[in-house]
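Letter by letter, the chains look like this.
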Amino acid sequence: MPESHPQPPPWPSNQPGSSGGQPDQAAVLLCGARLTDGRTVDVRLGGGRIEAVGTAGSLTPGPPRPGASRVALGGYLLLPAPAEPHAHGDTALSAEQPGPVSYAPEDVQRRATEAALLQLGHGATAARAHVRVGDVQGLGALGAVLQARRSLRGLAELTTVAMPRLLTGVAGADGLAMLRDALKMGASVVGGCPDTDPDPTGYVETVLEVASEHGCPVDLHTDATDPARLSRLAAMAGGLRPGVTIGPCAGLARLPADTASRLAEQLAAAGVTVVCLPQGGCGAADRRGAAPVRLLRAAGVRVAAGSGALRDVANPVGRGDPLEAAYLLASAHGLRPEDAYEAVSTAAREALGLPEVRVEAGFPAELLAVRGDRLSGALSLAYSRIVVHRGRVVARTSAVREYCNSAAAAELGLPRQGRGELS
């Protein structure tokens, strides 16, 4: 008979159907979680924040409150939740559909909602979705993603980037009008892909001007293959508040090392954030591969990691998993596991303008519990996950692996999971 490991913790009994976007006021006590520094702790959540962190067994749910609950996290590592800084909600999950991608509002809303929930299950409690505006999409795709955002309130935070195709010349006049309308509709970030405009510098100037008028952040697609163009972008972006993000910048890795280092220093001086896509490209960037993460970090550039395409034509097998992005940064780009996870959590949240999260009292209760006791192991085999957003458990994935009986397993005392014999 297989040896049974502890079963996944039960779903807390106090979970409401929706919080209406407000933090859950019921207390939640996370019991026996392991932290990356090796401590085993209890963590009390309330009002959307971490109320207290203490040694295991030392905390109670606090003053009596309706719906207070406990979640047993023995065998889990507790981390700040990741964020997704580069998603494409309007095209996600469209790779297997026959014919051109449908931009019918009901199709876009369904795909965007499903994609956000998939990424939430992976641990991302906040995401930034780039959405094309103008051309055949008009503002319909943006309206559908904004509707998905409203339907996800209380489960995950979804912000939208308006991406016009052209912004210069006669054709660009329509794009500029569409961009302004998109911001009035509810898009909160100005974006696009200057590399595809006949006048890339003019495109960037227009984006920065519109963002400055509306007090919006900027998030631009670029392959970063043209050193002069990237240098001009850094010069124009310097000092803009609330900030400029670019990505995926895979072409930067193909430039001569001295040129790439000089550009990285310019980006750092301008305060520009780079979002790399280690899992693959996206439909708005031509090149695959990833930016030179270590070179950028050495120059002082804030580097976050995103997922890019999620099972659309640009990457039909995209998974949208921030832990996979961190795994690839560690395994393929040589980052320490701690630095790799920071790229999908702390740096990603900073890129989205979100407050910092630590597993300490007073910080937002945006947390991810993964089965394991070390971060390196979690990045390698993090199948079982429990996700906390605004102080309540909003998603859980449980994985059980079973093996048939064998003399070798019994003899060596190997760990087993399961409840009975495999037939």
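First things first, this report covers the structure right here in the doc.

Rules behind the numbers
Residues numbered from 1 in each chain as written. Predicted model: local features only at pLDDT ≥ 70, side-chain atom pairs only at ≥ 80, totals over all residues. Heavy atoms only, no water. Salt bridge = Lys/Arg side-chain N within 4 Å of Asp/Glu carboxyl O. Helix = DSSP H or I, 4+ residues; strand = E, 2+ residues; numbered from the N terminus. Buried < 20%, exposed > 50% of the residue type's maximum accessible area, 1.4 Å probe, protein only. Expected span 1.5 Å × (residues − 1). Contact = heavy atoms within 4.5 Å. Pairing = 2+ DSSP bridges. Axes fitted to C-alpha atoms, helices over the stretch in contact; angles between N-to-C directions. 1 Å grid on protein atoms, 1.4 Å probe; cavity = no way out; pocket = protein on both sides within 12 Å on 5 of 7 lines; lining within 4 Å. Points joined across faces, edges and corners; volume = space filled by probe spheres on them. Nonpolar A, V, L, I, M, F, W, Y, C, P; charged D, E, K, R; others polar.

1. Some words on the pattern of salt bridges
Considering all chains together, one arrives at 17 salt bridges under this definition. A salt bridge links Arg297 to Glu342, with the nearest nitrogen and oxygen atoms 3.9 Å apart. One end of the pair, Arg297, is in helix α7 (residues 293–298); the other, Glu342, is in helix α9 (residues 337–344), and 45 residues separate them in sequence. For Glu342, a relative accessible area of 34% gives the class partly exposed.

2. A look at helix α1 (residues 105–122)
Every α-helix carries 3.6 residues per turn, so stepping three or four residues along brings you back to the same face. Given a rise of 1.5 Å per residue, 18 residues ought to cover 26 Å, and the 26 Å separating the end C-alpha atoms of α1 matches this to within 8%. All of the buried residues along α1 are Val108, Arg111, Ala112, Thr113, Ala115, Ala116, Gln119, Leu120, Gly121 and His122. Looking at the buried residues of α1, the elements they touch are β6 (84–87), α2 (140–151), α8 (322–331), β14 (367–371), β15 (385–389) and β16 (392–397). Gly123 occupies a position one or two residues after α1 and carries a positive phi of about 130 degrees.

3. Focus: unusual backbone geometry
Cis peptide bonds are those with omega within 30 degrees of zero, and the linkage from Gly247 to Pro248 qualifies with 0 degrees. As for its placement among the helices and strands, Pro248 is situated in strand β11 (residues 244–248). The phi dihedral of Cys249 is positive, around 60 degrees, even though this residue is not glycine. A relative accessible area of 0% means that Cys249 is categorised as buried.

4. Here's the deal with the sheet that holds strand β9 (residues 189–192)
Taking strand neighbours across the sheet as the criterion, the eight strands line up as β6-β7-β8-β9-β10-β11-β12-β13 in an open arrangement whose pairing is parallel. If you trace the sheet from one side to the other, it starts and ends with β6 and β13 (303–305), each paired once. Shown here is a sheet whose adjacent strand axes are inclined to one another by a mean of 25 degrees, direction ignored. Bridge count for β9 against strand β10 (residues 218–222) is three bridges, and the pairing is parallel. Note that in β10 the partner of Val190 across the bridge is Val218.

5. Brief notes about the side chain of His130
Within the fold, His130 resides in strand β7 (residues 126–133). Exposure remark for His130: the relative accessible area of 0% places this residue in the buried category. With residues up to four places along the chain from it excluded, the contact list for His130 reads Pro85, His86, Ala87, His88, Gly89, Asp90, Val161, Met163, Asp219 and His221.

6. Overview of the layout of surface pockets
Roughly 620 Å³ of internal volume is contained in the largest pocket. As for the largest pocket, its lining consists of 37 residues, and the residues nearest its centre are Arg349, Leu352, Gly353, Leu354 and Pro355. Only β7, β8 (157–164), β11 and α10 (346–351) provide two or more residues apiece to the lining of the largest pocket. Class assignment for the residues of the lining of the largest pocket results in 16 nonpolar, twelve polar and nine charged.

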